[in-house]
Amino acid sequence: MRAESAAASTLPKLAVIGVHTASEAYPNTLHSMQGLRRHFDVNEINIPLLPREGGAMRARGGLLSKAWKFVSAHARVIAKGLAMRPRPVRAYVPYPAPILLFAWSLVPRGLRPRRIVADAFISLFDTVVNDRGLLRPADWRARILWRIERRAYGIADAVIVDTDQNAEFYASLFRLPRELFIAVPLATNEREFTLSPPPVHRGACNVLFVGTLVPLHGISTIVDAAKLLAGRQDIRFTIVGTGQQAEILESALRAGAANMTWEREWKTPAQLAFCIRQADICLGVFGGGPKTQRVCPYKVYAYASMGRPIITARTAWLERAAARFGQMPFTAVTAADAEALAAEIARLADDEALRGVMASRASEFYGAVLANRITFTALRASILGEANP
């Protein structure tokens, strides 16, 4: 114990202050925290607000109880943070950060940590207004949400996002300096998602999609591609997950989509890794909206780290990442184009050698661009205020 304490004391100190949930339902938070504890002497204040299994915040007693839990968690975390002595030199606020940062903005700067770095994994305003369409941009509630989020990020010294495109988007959306937003790859489960050989061919090519069926995933494009390939008995689709656009899959299965299997239940990382090991081809995202252009979804990290050929939309993120890597790591098709997707699935299904080439390329891309060692180096530099390598 003394040796461990002595080792920790040589690391730079970091206060982690948040309402975050570090579980496999929120893998970026979980694995970011694990990495931070290896690089810093961490003092954590945390009252988890999100459920460990994912989904919306739950509390007994309805809306009033949920609102009280929300306000109470943030108030207690702020109070504990202000009581820290000495005042932290640096603090990291994991996702979800905006409301905590907004509350901090109401506190005199001399009482806050000297350097604040926050994770903006998902924007509240962008999700509610642009992605889900729950509020119109001109709605007074949307305008209030925008002002809260803008003020929140404005008090941070660095705001972590996952891609350069998201950094540019956040800066433009919230009218904040581009240099405030720092692109850092997501932290992933490299214990379960490890390189594995291709599956032994079983007569049918297994095409896998994993996701929560949000609009950027483009599940309607995947379903339409499956319909176009319905005559190919040697190609089968496996869909894992459920969510906002589940009705699209439900309708397809009711209509008799015999080449599709849907596994709706939530899966552990080990179970997801098993699904990926059984896949011959893995599908990324195909939504036609602007968010699709900016993201590298977590599923792509998992597919690539396990060495599977990937088909995904040709996006702004992928084009820039491919240029940096030196070649296109995945098979890219036009977003929201079911015919193009079906054609590429058929082409890869018919060419085992090509699948091998694309599998190797995906694995190399993960190691060069997305691996945790890259994530933790960049995250550490951002927290310390150093120039990212």
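This structure is a prediction, so every number in the text was calculated from the model and none was measured. (Residues numbered from 1 in each chain as written. Predicted model: local features only at pLDDT ≥ 70, side-chain atom pairs only at ≥ 80, totals over all residues. Heavy atoms only, no water.)

**Considerations on the packing of aromatic side chains**
Let me state the cut-off plainly: Whether two aromatic rings pair depends on their centres lying within 6.5 Å, for rings of Phe, Tyr and Trp, where Trp uses its six-membered ring; planes under 30 degrees apart make the pair stacked, over 60 edge-to-face, and the rest tilted. Secondary structure follows DSSP: runs of H or I at least 4 residues long count as helices, runs of E at least 2 residues long count as strands, and numbering of each begins at the N terminus. Exposure classes here rest on a 1.4 Å probe applied to the protein chains alone. A residue is buried below 20% of its type maximum, exposed above 50%, and partly exposed in between.
Tallying each qualifying case throughout the model produces twelve aromatic pairs. Centre to centre, the rings of Tyr95 and Phe121 are 5.5 Å apart; their planes meet at 85 degrees, and the pair counts as edge-to-face. Here the residue Tyr95 occupies a position in the loop between β3 (90–93) and α4 (98–105), and Phe121 occupies one in the loop between β4 (115–119) and α5 (124–131), the gap between them amounting to 26 residues. Residue class for Tyr95 comes out buried when judged on its relative accessible area of 17%. Overall, Phe121 belongs to the partly exposed group, its relative accessible area being 32%. A centroid spacing of 6.3 Å and a plane angle of 20 degrees characterise the contact between Tyr298 and Tyr301, whose relative ring orientation is stacked. Pair noted here: Tyr298 and Tyr301 are both in helix α12 (residues 298–305), with a separation of three residues, about one helical turn. Exposure remark for Tyr301: the relative accessible area of 2% places this residue in the buried category. One aromatic cluster is present, formed by Trp146, Tyr153, Phe169, Tyr170, Phe174 and Phe181 through successive ring pairs.

**Brief notes about the packing of helix α15 (residues 352–370) against helix α16 (residues 372–384)**
For any two helices packed against each other, the geometry comes down to the angle between their axes and how far apart the axes lie. Put simply, the test is: Helix axes are fitted to C-alpha atoms over the stretch in contact, other axes to C-alpha atoms as well, and angles between N-to-C directions run from 0 to 180 degrees. For classification, angles of less than 35 degrees are called roughly parallel, those exceeding 145 degrees roughly antiparallel, those between 65 and 115 degrees roughly perpendicular, and all remaining angles oblique. Here, residues are in contact when the closest pair of their heavy atoms is within 4.5 Å. Residue classes follow a fixed rule: Ala, Val, Leu, Ile, Met, Phe, Trp, Tyr, Cys and Pro count as nonpolar, while Asp, Glu, Lys and Arg count as charged, and any other residue, Gly among them, counts as polar.
At a minimum axis distance of 6 Å, the contact between α15 and α16 shows a crossing angle of 10 degrees. Taken together, α15 and α16 sit at an angle that is classed as roughly parallel. In this structure, α15 contributes Tyr366, Gly367, Ala368, Val369 and Leu370 to the contact, and α16 contributes Asn372, Arg373, Ile374 and Thr375. A per-class count over the contact of α15 with α16 returns five nonpolar, three polar and one charged.

**Some points on the pairing of strand β9 (residues 260–263)**
What counts is decided by this rule: At least two DSSP bridges between two strands are required for those strands to pair.
Only one face of β9 is buried: it carries Met260 and Trp262, and the other face, with Thr261 and Glu263, is open. Strand direction decides the pairing type here: strand β8 (residues 235–240) and β9, joined by four bridges, are parallel. What sits directly across from Val240, in β9, is Glu263.

**Some words on the sheet that holds strand β6 (residues 181–183)**
Hydrogen bonding along the main chain pairs the strands of a sheet, whether they run parallel or antiparallel. Spatially, six strands are ordered β2-β1-β3-β4-β5-β6 in an open sheet, and the strand pairing comes out parallel. At either margin of the open sheet sits one strand with a lone partner, and together these are β2 (41–46) and β6. Ignoring strand direction, the axes of neighbouring strands in this sheet form an average angle of 25 degrees. As paired strands, strand β1 (residues 13–18) and β2 are joined by six bridges and run parallel to one another. Bridge assignment links Leu14 to a residue of β2, and that residue is Val42. Running over the sheet, α4 touches β1, β3 and β4 and is turned about 140 degrees from β3.

**A few points about the nonpolar core**
Side chains that are nonpolar tend, in soluble globular proteins, to be buried together. The criterion, for reference: Side-chain atoms within 4.5 Å are what join buried Ala, Val, Leu, Ile, Met, Phe, Trp, Tyr and Cys residues into a set we call a nonpolar core.
The biggest cluster of nonpolar side chains holds 40 residues, and the ones touching the most others in it are Leu101, Trp104, Tyr153 and Phe181. The element contributing the most residues to this core is helix α7 (residues 164–174), with six residues. The contacts of Leu101, once residues within four sequence positions are left out, are Val93, Ile116, Ala118, Ala152, Tyr153 and Ile155. One finds Ile222, Ala226, Ile239 and Ala252 within the second-largest nonpolar core, a separate group that totals 32 residues.

**Focus: the pattern of salt bridges**
Counted only if it meets this: Whenever Lys or Arg places a side-chain nitrogen within 4 Å of a carboxyl oxygen from Asp or Glu, that contact is recorded as a salt bridge.
Within this structure, the stated rule accounts for 18 salt bridges. Of the charged contacts in the structure, one is a salt bridge between Arg109 and Asp157, with a shortest N-O distance of 3.7 Å. One end of the pair, Arg109, is in the loop between α4 and β4; the other, Asp157, is in the loop between α6 (140–154) and β5 (158–161), and 48 residues separate them in sequence. Glu263 is paired through a salt bridge with Lys267; the nearest N and O atoms lie 2.9 Å apart. Residue classification places Glu263 among the partly exposed residues on the basis of a relative accessible area of 25%. Here the salt bridges do not stand alone but share partners, grouping Asp164, Arg178 and Arg324 into one network.

**Some remarks on the packing of α12 against α15**
Two numbers describe how α12 lies on α15: the axes approach to 7 Å, and their chain directions differ by 120 degrees. Between α12 and α15, the interaxial angle falls into the category oblique. Two secondary-structure elements touch here, α12 through Tyr301, Ala304 and Ser305 and α15 through Ala362, Ser363, Tyr366 and Leu370. Tallied by class, residues from the contact of α12 with α15 come to five nonpolar, two polar and no charged.

**What to know about α5**
The condition that has to hold: Pairs of N or O atoms within 3.5 Å make up the polar contacts considered here, provided that, within protein, one atom can donate a hydrogen while the other can accept it, and that residues adjacent in sequence are counted only when both atoms are side-chain atoms.
For α5, the set of buried residues is Phe125, Asp126, Thr127, Val129 and Asp131. Buried positions along α5 lie against α6, α7 and α11 (290–294). The backbone nitrogen of Phe125 has a side-chain oxygen 3.4 Å away, supplied by the residue at the start of α5, namely Ser123. Phi turns positive, to about 65 degrees, at Gly133, one or two residues after α5.

**So, the environment of Phe325**
Structurally, Phe325 is set in helix α13 (residues 316–325). Along the chain, Phe325 and Tyr366 lie 41 residues apart, while their C-alpha atoms are 9.9 Å from each other. In this structure, Phe325 is in contact with Arg361, Glu364, Phe365, Ala368 and Val369, ignoring residues within four places of it in sequence.

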